[in-house]
Amino acid sequence: MKHPRHLLAAAVCSLALAGCSQPQVATLADLPGAGLPAEPDIRIPQVQIDTLQRNYEQALVDQQDPAVRRQIRMRLADLEMERLEQLQADNPGQRVSFQPAIERYRALVAAQPGDDYLNYRLARAEALDGNQGAALQALENIASARPESPFIAEVLFRRGEAAFNDRRYRDAARDFDAVLAQGESPFTDNARYMLGWSQFKASDYPASTRTFLGLLDTLHSRAPLDELDSGDRRLADDSLRGLALGFSYQGGAGAIEPYNPDRGARPYQHRIYRALGDWYREKERFREGADSYLAFVENYPGSAEAPALHLRAIETLQQAGLDAEVMPAKREFVRRYGIHSDYWQAADDTQREQLGAWLRPWLAELARFDHARAQALQQEQPGSPRERRQLATRARQAYLAAAAMYREYTETFPQDSETPAMAFLLAECLEQAGDRAGAWRAYRNVASTYPDHEQATEAGYSAILNAEAVYRETATQANAGGQRGEQATLWRDRAIEAGQYFVDTWPRDPRALPVLLDAADKLFQQRRYAEVIVAAERAAGWQPPPDLQQRRNLNLLLGHSYFEQRDYPAAEQAYARVLAGAAAGVPAAGDSIAATARQKMQAAIYRQAEAALAQGDSELAITHLLRVRDSGRTDIAATAQYDAINQLVTLEQWQRAATELADFRSHYPAHALTPTLTAKAVVIYQALQMPGAASAELLRLAQSDADPQVRRQSLFLAAEGFREAGETDRAIAAFQQYSEQWQEPREQQLEAQYQLVLLTGEAGDSRARNRWLQRLGQAQPRSERARYLAAYARSELAEQSYQAFAGIPLALPLKASLASKKRALETTVADYREVLDLGVAEFSTQANFRLAEVYRTLSGDLMDSERPPGLSPLELEQYDILLEEQAFPFEEKAIELHEANIQRTADGMYDDWVRRSFRSLAKLLPARYQKPEQTAEWSDALH
């Protein structure tokens, strides 16, 4: 690199050698501006180096200025250096001496020992001439005299190289570190690289590791390591090797992760682990090499490079002859990268293709290895039961392991020519392991996916056997545990499916007919009735034909299936055939089947009755229902007769209904439907004009029915019935029993008490009536009806208090009779206040009216009371004035209450009691309330 100042001065002098004494141009900015030539095809001729040298030599002779002469000599030295470098380049096999250039530079340095440019050029010339010591000395001159020189980075780098070659690694590291401190330069990468090796040689492995990682980070920032140019690629490879050596001294692969940056792993992290593993392999430290590869797999399981490093670990173990560890490593590879792994699911097609190429031989190898081991364990003959159990467990585990590998093979390579055989071996392994459910699936897969395979028929039949086995097992478990049999039903359905497939696919197989018969039975259990009919008919036409036992079962299945498909006449006929066979003694133990057939036949007739009823033919429906009754006294017959009674009631055939009802009670006294006939009996007896009988039925039901709600309702209905029949005493007794026996629902108990108030009143039993009024008046107003009844009862009781008050005369001595009158008034007021508290409008107006009348009556009675005898006219006048003073407040109170009552008209309330208040006010305040009505004229003028 040429110093700009020197180059600039030389350029100026070369343009005007004759008159150049001092350089006038200090910077590039001071140069004259450049312009475009007039003609675009003008070319500047190239001047040869020897011509320039001659020109400069001549200029040196002519020039007397010392400064200019120094510039010329510097230019001559540079030209000589360029000539020799060109000569060396043109003759690469020939050694060229750089002494002419060296002598020129030495002379210049002697004159200017602190000039960094001259020392730099001298060092270069000495180095090219092979004088490394002299070159270093020139560089040292720059370092000591001009530390700010633009050549300082190279100076430090060259000095560091020399120190490294002399094995002064710490000195070398110091110089290389100083190069890096200068900032970016052409020596930065090499300086960092050499710094890493210097630190390594100085046994500072952490520092060396950080330095190499920093260099790799820089290189990777330019391009992925695989895409670097050859120079940078060599730096990267050597840095990785340096890292491998460093990590081997720091404990191996476990030392790598702590050097990760805060943001996470480096993009080339796998190369670090691989470099370490490769170094261990070169040193035949195979265990450590494999562990290094696997360490990356553990730390970065989802990495795109993980499978390749895992594979390299397995190859390393094989190379080392560690056979006991190779199979587990292959098994782990399958687990991590097989078709069921998260890695496989996230991989693209290209990755999966590569993985498949690795997996295919290993899956087959692992499957056969586990299968052979399971068979060997199964053939061993241990002595004790404990050993047998342990051996069986190990064999089962080996079979399951083999099955897992076979399954993964078939799933990974479904189109592979080996897959059908692998799929059958999978099924066999599962069956041997006792996994019947899994074996069923595997056999079914072979039979359906590869029907032309040589083992497909056996696979199809084995699928049936395994589904049957699981069905029996799950059914037994469900029965033993008292659980629902959903699983048993599911496996029964699967056995059906396997059987049907077998019959359809291989009908000439001698096992086909028994499979079909079993499938028909299971189809019925699954309620697939249309398929049952098809299967039964197909079995009936099989050659050779079914035997008698099989035919009976087929007819029973047909009857059931026709019934479920609502073809009830056909079902009835099928059941009749079954009954006919049972009556003929085929089979001998057919009683239970005959009973079933009879019940189902009755049900079929019953359904025909329902159909007739749906079509509106009630008479035909009754005929069918009674036909069921005539076929035998069963639960179905009871239901049919009960429905016949309902239909007879609907048709109002009361006498027939009463007859059937009595017959039903006689044959089914404990039947669940018997208690419900009471309501029907009530309707029937009422229609037959037998109300007493109807109520007696209800009363009997109230005393005997098991359901408390039925007893309660029946008792209330009986009481109402007696009341309607005019049997007051029986009605009172029934309502009283209800009130005392049933506290809830509270509203209905209050209704019973209300009826008791009415009935005892009708019977003239005032004491009983008052007792029921008091109980009714104590009701808590939890509902509007309860509030109403309580208000009614309190109003009735208050009316009695009012009448008692009104019946007390004011006689002499007035003080005593007035006291009694006031006590009666207080009682009446208190009673009516209770009525008002309930807030029932119908009774509130009455209460307000009565309260006002209580005060008005007292006022009037005071004024009309008997005067003491023997009073003089003046005394009588004074006595009257005193009475008026006593009566006036009561009259005022009466007016106030009456006016409050008539205010209810504003709320839309205007009943008889409000009208009475108006009339009382007309008497009390005639001037205000006894005015003739006037009719106002209406005018439309405003409109």
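Summarised in this report is the structure supplied together with it. For every chain, the first residue of its written sequence is number 1, and the numbers climb from 1 along that sequence. Where totals are concerned, whole chains, interfaces and linings use all residues; where local detail is concerned, this predicted model gives features only for residues with pLDDT of at least 70, and gives and counts side-chain atom pairs only at 80 or more. Excluded from the side-chain calculations are hydrogens and water; all other atoms, namely the structure's heavy atoms, are used.

Attention now goes to the overall build of the protein chain. In DSSP terms, a helix is any run of H or I states spanning at least four residues, a strand is any run of E spanning at least two, and both are numbered starting from the N terminus. A count of helices and strands for the protein chain gives 42 helices and 0 strands. Each residue is placed in one exposure class: buried if its accessible area under a 1.4 Å probe, protein chains only, is under 20% of its type's maximum, exposed if it is over 50%, and partly exposed if it falls in between. The 943 residues of the protein chain split such that 45% are buried. Sequence separation of 24 or more characterises 56% of the internal contacts of the protein chain that already satisfy a separation of 6 or more. Here the protein chain displays about 49,700 Å² of accessible surface, and carbon together with sulfur accounts for 50% of that area. We call two residues in contact when some of their heavy atoms are within 4.5 Å. Working definition of accessibility: Shrake-Rupley area with a 1.4 Å probe, residue cover restricted to the visible protein chains.

What follows covers the environment of Ala320. In this fold, Ala320 is placed in helix H14 (residues 306-320). You can call Ala320 partly exposed: its relative accessible area is 27%. Separated by 30 residues in the primary sequence, Ala320 and Ala290 place their C-alpha atoms 9.8 Å from one another.

A few words now on helix H11 (residues 230-249). Helix span, expected: 1.5 Å multiplied by one less than the number of residues in the helix. An ideal rise of 1.5 Å per residue puts 28 Å on 20 residues; H11 measures up with 29 Å between its terminal C-alpha atoms. When H11 is considered as a whole, its buried residues turn out to be Asp232, Leu235, Ala236, Ser239, Leu240, Gly242, Leu243, Ala244, Leu245, Gly246, Phe247 and Ser248. In this structure, the buried residues of H11 make contact with helix H9 (188-201), helix H10 (205-222) and helix H12 (269-282). Where H11 terminates, the next one or two residues include Gly251, which has phi positive at roughly 115°.

Turning our eyes to something else, we now look at the packing of aromatic side chains. In this analysis, rings of Phe, Tyr and Trp, with Trp reduced to its six-membered ring, are considered paired at centre separations within 6.5 Å, and the interplanar angle assigns stacked below 30 degrees, edge-to-face beyond 60, and tilted for intermediate values. As enumerated under the stated definition, the model contains 33 aromatic pairs in all. Plain terms: the ring middles of Tyr754 and Tyr792 are 5.3 Å apart, the flat faces sit at 80° to each other, and that makes the pair edge-to-face. Separated by 38 residues along the polypeptide, Tyr754 in helix H35 (residues 746-762) and Tyr792 in helix H37 (residues 784-806) bring together distant segments of the chain. The same class applies to Tyr754 and to Tyr792, which are both buried. Members of the aromatic cluster, each reached through a chain of ring pairs, are Tyr193, Trp197, Phe200, Tyr205, Phe212 and Tyr249. Taking NZ or CZ as reference, Arg494 lies 4.4 Å from the ring centre of Trp491, over its face. As a reminder, the over-ring test applies to NZ of lysine and CZ of arginine, requiring each to be within 6 Å of the ring centre and within 35 degrees of the ring normal.

Right, let's get into the environment of Gln903. Within the fold, Gln903 resides in the loop between helix H40 (873-902) and helix H41 (912-924). With relative accessibility at 53%, the residue Gln903 sits in the exposed group. Placed 11 residues apart in sequence, Gln903 and Val914 show a C-alpha to C-alpha distance of 8.8 Å.

Right, let's talk about the pattern of salt bridges for a bit. Should their charged atoms come close, side chains of opposite charge can pair. The rule for a salt bridge is simple: a side-chain nitrogen of Lys or Arg has to be within 4 Å of a carboxyl oxygen of Asp or Glu. Summed over all chains, the structure comprises 45 salt bridges. Its salt-bridge partner being Glu468, residue Lys522 comes within 2.5 Å of it at the nearest N-O pair. In this pair, Lys522 is assigned in helix H23 (residues 512-525) and Glu468 in helix H21 (residues 456-481), connecting sequence segments 54 residues apart. Taking the relative accessible area as the measure of exposure, Glu468 reaches 12% and is therefore buried. A single network of salt bridges, built from pairs that share partners, joins Asp166, Arg168, Asp171 and Arg174.

Below, the discussion takes up the nonpolar core. The nonpolar side chains of a soluble globular protein tend to be buried, and buried together. In plain words, nonpolar cores are sets of buried Ala, Val, Leu, Ile, Met, Phe, Trp, Tyr and Cys residues tied together by side-chain atoms within 4.5 Å. One finds Tyr105, Leu243, Phe247, Ile272, Phe333 and Leu359 to be the most contacted residues of the largest nonpolar core, which totals 160 residues. Aside from chain neighbours lying at most four places away, what touches Tyr105 is Ala77, Asp78, Met81, Leu118, Arg121, Leu122 and Ala125. Of all hydrophobic cores here, the second largest spans 88 residues; its members include Ala571, Leu661, Phe735 and Trp742.

Let's shift gears to the packing of H9 against H11. Running from amino to carboxyl end, H9 crosses H11 at an angle of 20°, the nearest separation of the two axes being 11 Å. As judged from the angle between their axes, H9 and H11 are roughly parallel. At the point where H9 passes H11, the crossing takes the left-handed sense. In contact with Asp189, Asn190, Tyr193, Trp197 and Phe200 of H9, H11 contributes Asp232, Leu235, Asp238, Ser239, Gly242, Leu245, Gly246 and Tyr249. In terms of residue class, the contact of H9 with H11 is made up of 6 nonpolar, 4 polar and 3 charged. Think of each axis as a best-fit line through the C-alpha atoms, taken over the contacting stretch in the case of a helix, with angles from 0 to 180 degrees between the N-to-C directions. Orientation categories follow fixed angle ranges, with anything under 35 degrees roughly parallel, anything over 145 roughly antiparallel, 65 to 115 roughly perpendicular, and all other angles oblique. Less than a right angle of anticlockwise turn of the near helix away from the far helix marks a crossing as left-handed, whereas a clockwise turn marks it as right-handed. In this count, Pro and Cys sit with the nonpolar residues alongside Ala, Val, Leu, Ile, Met, Phe, Trp and Tyr, while Asp, Glu, Lys and Arg are called charged and the others, Gly among them, polar.

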